[in-house]
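For reference, the chains in residue letters:
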Amino acid sequence: MFHSFFPQPKLFFPSALLWTIVVVAIWYTVGADIGGQFGLPQLAPGQEPPIGLGHFFTTASIWFYIYFISSMVLFCLFWHFYAAEHPWKSWSVWGSTFIIFTVYFSVDISVALNNWRRPTYDRIVEALKAPNTVQAPEIYGYAFIFFQLATVYIISAVLISFFTSHYLFRWRTAMNDFYYSVWPKVRHIEGASQRIQEDTMRFATTVEGLGVRLIDSVMTLIAFLPVLHALSSSVKELPIVGAIPYPLVIAAIAWSIFGTVMLAIVGVRLPGLEFRNQRVEAAYRKELVYGEDHADRAQPQTIQELFSNVRKNYFRLYFHYTYFNVARYFYLQTDNIFPLFLMVPSIVGATITFGLMQQIQGAFTQVTSSFQYLVNSWPTVIELISIYKRLQAFEAAMQGEPLPAIDREFVEAGENESLA
C-alpha cells in the first residue's frame, strides 16, 4: 500500500513528522523574528492585520511563506537524491509537499476571512443603531473584500481537488503494478481480483478525502491556535469553571478530546463489522460469478446460506451504527452552540462586541473542527480500516507470513469446498 508509492515509508513518514516538528519549533522560537533581519518583520504588538488580499502581502506573511517553502524544498531535495531509484518519488515526495502547501494556503485564506469578520460586523452593528451612521459604500467595500477572498479560495480549492485526484490515481497505479507483479503469490486469496481492482481504487479514493482533511486539520491548528490564543484575552472567564489561563484554547482542546474519545469508545466494534461485511459480500459475489460458468455452482441452498450471512452482518451493522449515530449527532449538534455557551459571561458583561464575538466563534469553530478530525471522519476511517485489513492479506502473502485469521477462515473453507 505504501512501499509501492513512497520511498522507504518506514523511514519517510517518521522523517517527515520529525522535520515538521523541527520546522514548527524553530518558527515559534526564533524563526519568525529572523525575518526582521531581512526587512520582513512581524506585526507590532497590538497591530491589527490588514483585511482582504493585503493579508498575504504583509512583511510577516511574505517571510512565513519564504520560510515554509524553503523548508519543504530542503526536505524534498534530500529524498529526491536519497531515493533516486524510486520510480514514483516525483509524485510521492514533491507531490505530497505541493498538496501540503496548497492546503495551508487555503487555510490561510480562512484566517483572512476570519479577520474580516470583526470589523465588518462591528460596522454593521453601528449602521443598525441609527440611520446614515455608516455609508453604503463602506458596507459594499466589505462585501467586495469577501468576494475577493472567496474567489481566491475557490481557485485554491479547485486546484487542490484537481491535483489530488491525479496524485491519488498515481498512487493507485503504483499499488496496482506492485500487486499484479506478485499475482502468483496472492491469487489463492479469496477475492484477490477484487482486491487489486476494487480495493486499491477504494483505498485511493478514501485516502483522498481523509488525507486532505487531515492535512487541512493540522494546518488549521497551526494557523488558528495563535489566533484563538490572542482572542482569549477578550474572554476573561468561562461558565462553571470561571477564570482560567487561555480559556478558549483549553476549552477547544478539552471539548474536542472528549468527543473523539467518546466516539472511539462507542464505535469500537464498527471496523471489524465493516471488514466482515466486505468478506461476506465477496464470498456471495464470487459464488454467483462461478455460477455463470458452472451449472453445479450457485445452487439455491448455497446462495441462501451466503446471502443469509450478508443479511446477518448488515443487521448487526445497522444496530451498532444506530447508537453510534445517536452519540455522534448529539455531540455535533451540541458543538454548534458550544462557542456561544462559552461566551455567555462575556456577552452578559458586555466585554466583547458583536464583531469580536463573530471572530471568536469563527476561530473557535476552526480549531475544534481540526481537533475533531476523527469525530467528523469516523465512518470513513472505519471504511478505510476495513480496506486496509483486506490489503494486509496481500502483504502477508508476499512476505510468506501467515494470513490474518479471517482470511485463513475463507481460504480453509474454499479448500474444503474444493475437496468436497
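Residues numbered from 1 in each chain as written. Predicted model: local features only at pLDDT ≥ 70, side-chain atom pairs only at ≥ 80, totals over all residues. Heavy atoms only, no water.

## Some thoughts on the nonpolar core
The biggest cluster of nonpolar side chains holds 74 residues, and the ones touching the most others in it are Tyr-167, Trp-171, Phe-203, Phe-224, Leu-228 and Phe-364. The contacts of Leu-228, once residues within four sequence positions are left out, are Leu-248, Val-249, Ala-252, Ile-360, Ala-363, Phe-364 and Val-367. (Core = buried A, V, L, I, M, F, W, Y, C linked by side-chain atoms within 4.5 Å. Buried < 20%, exposed > 50% of the residue type's maximum accessible area, 1.4 Å probe, protein only. Contact = heavy atoms within 4.5 Å.)

## With respect to the UniProt feature "transmembrane region" (unreviewed entry) in the chain
Under the UniProt annotation, "transmembrane region" (unreviewed entry) lies at residues 12-30, 62-81, 93-113, 139-163, 210-231, 243-268 and 337-357. As a span, residues 12-30 carries 100% helix and 0% strand, and end to end its C-alpha atoms are 27 Å apart. Taken end to end, residues 139-163 comprises 100% helix and 0% strand; its first and last C-alpha atoms sit 37 Å apart. (UniProt positions renumbered as here; feature names shortened; annotations may be inferred. Helix = DSSP H or I, 4+ residues; strand = E, 2+ residues; numbered from the N terminus.)

## Side note on the packing of aromatic side chains
Summed over the entire model, instances satisfying the criterion amount to 41 aromatic pairs. Aromatic side chains Phe-5 and Phe-6 sit 5.1 Å apart centroid to centroid with 85 degrees between the ring planes, which places their arrangement in the edge-to-face category. On the basis of relative accessible area, Phe-5 is assigned to the buried category, the value being 0%. With centroids separated by 5.5 Å and ring planes inclined at 85 degrees, the aromatic side chains of Phe-5 and Tyr-167 adopt a geometry described as edge-to-face. Placement of the pair is Phe-5 in the segment before α1 (9-34) and Tyr-167 in helix α4 (residues 136-181), with a sequence separation of 162 residues. For the pair shown, Phe-5 and Tyr-167 are each scored as buried. Put simply, the rings of Phe-5, Phe-6, Phe-12, Phe-13, Phe-75, Phe-78, Trp-79, Tyr-82, Trp-88, Tyr-167 and Trp-171 pair up and form one aromatic cluster. (Phe/Tyr/Trp six-rings, centres within 6.5 Å; stacked < 30°, edge-to-face > 60°.)

## Quick notes on the layout of surface pockets
Computed from the structure, the largest pocket encloses a volume of approximately 1,500 Å³. Contributing to the lining of the largest pocket are 46 residues, with Phe-13, Ala-16, Ile-100, Leu-214 and Ile-215 lying nearest its centre. Among the secondary structure elements, those contributing two or more residues to the lining of the largest pocket are α1, α2 (59-82), α3 (89-129), α4, α6 (192-231) and α11 (373-398). Residue classes in the lining of the largest pocket are distributed as 39 nonpolar, six polar and one charged. (1 Å grid on protein atoms, 1.4 Å probe; cavity = no way out; pocket = protein on both sides within 12 Å on 5 of 7 lines; lining within 4 Å. Points joined across faces, edges and corners; volume = space filled by probe spheres on them. Nonpolar A, V, L, I, M, F, W, Y, C, P; charged D, E, K, R; others polar.)

## A word on the pattern of salt bridges
Applying the stated criterion to the full structure yields two salt bridges. Of the charged contacts in the structure, one is a salt bridge between Glu-138 and Arg-123, with a shortest N-O distance of 2.8 Å. Note that Glu-138 is positioned in helix α4 and Arg-123 in helix α3, a separation of 15 residues in sequence. With relative accessibility at 30%, the residue Glu-138 sits in the partly exposed group. The class of Arg-123 is partly exposed, set by a relative accessible area of 26%. A salt bridge links Lys-129 to Glu-126, with the nearest nitrogen and oxygen atoms 3.1 Å apart. A residue pair is termed a helical-turn pair when its members lie 3 or 4 positions apart in one helix, as Lys-129 and Glu-126 do in helix α3 at three residues. (Salt bridge = Lys/Arg side-chain N within 4 Å of Asp/Glu carboxyl O.)

## As for a nonpolar patch on the surface
A cluster of nonpolar residues, Leu-18, Trp-19, Val-22, Ile-26, Val-30 and Leu-74, forms a patch on the protein surface that exposes about 520 Å² of accessible area. By residue number, the principal contributor to the nonpolar patch is α1, which donates five residues. In this structure, Leu-74 sits in helix α2. Note on Leu-74: relative accessible area 54%, which makes it exposed. (Patch = residues over 30% accessible without salt bridge, like charges linked within 9 Å, V, L, I, M, F, W, Y side chains within 5 Å. Areas by Shrake-Rupley, 256 points an atom, 1.4 Å probe, with all protein chains shown as cover.)

## Details of the side chain of Thr-97
With respect to the helices and strands, Thr-97 occurs in helix α3. Its relative accessible area of 11% is what places Thr-97 among the buried residues. Setting aside its immediate chain neighbours within four residues, Thr-97 contacts Met-72 and Cys-76.

## Focus on unusual backbone geometry
A negative phi angle is the norm for most residues apart from glycine, just as the trans form is the norm for most peptide bonds. Look at Gln-8: it is not a glycine, yet its phi comes out positive at around 45 degrees. Along the polypeptide, Gln-8 turns up in the segment before α1. Of note in the backbone geometry, Asn-132 takes a positive phi value of approximately 65 degrees without being a glycine. Looking at the element boundaries, Asn-132 is found in the loop between α3 and α4.

## Some details on the packing of α3 against α4
Angle between the axes and distance between the axes are the two parameters that describe a pair of packed helices. Between α3 and α4, whose axes approach to 10 Å, the crossing angle comes to 160 degrees. Of the possible angle classes, the one that applies to α3 and α4 is roughly antiparallel. α3 and α4 meet at a crossing whose hand is left-handed. (Axes fitted to C-alpha atoms, helices over the stretch in contact; angles between N-to-C directions. Parallel < 35°, antiparallel > 145°, perpendicular 65-115°, else oblique. Left-handed = near helix turned anticlockwise from the far one by under 90°.)

## Quick word on the confidence of the model for the chain
The predicted model of the chain averages 79 in pLDDT, with 85% of residues at 70 or higher. Looking over the chain, one finds the lowest element-wise mean pLDDT in helix α12 (residues 405-419), namely 49, and the highest in α2, namely 93. A low-confidence stretch, residues 410-420 stays under pLDDT 50, and its non-local contacts, those more than four residues away or across chains, total nine contacts. (pLDDT = per-residue confidence, 0-100.)

## What to know about helix α7 (residues 247-266)
Taking 1.5 Å as the rise per residue, α7 with 20 residues should run 28 Å; its terminal C-alpha atoms sit 28 Å apart, in good agreement. Of the residues making up α7, those classed as buried are Pro-247, Leu-248, Val-249, Ala-251, Ala-252, Trp-255, Ser-256, Gly-259, Thr-260 and Leu-263. (Expected span 1.5 Å × (residues − 1).)

## What about the packing of α7 against helix α9 (residues 300-348)?
Where α7 meets α9, the closest approach of the two axes is 10 Å, and the angle between their N-to-C directions is 175 degrees. In terms of their interaxial angle, α7 and α9 are classed as roughly antiparallel. From α7, Ala-251, Trp-255, Ser-256, Phe-258, Gly-259, Met-262, Leu-263 and Val-266 reach across to α9, where they touch Tyr-323, Phe-324, Ala-327, Arg-328, Tyr-331, Thr-334, Asp-335, Phe-338 and Leu-342. Classifying every residue of the contact of α7 with α9 by side-chain character gives 12 nonpolar, three polar and two charged.

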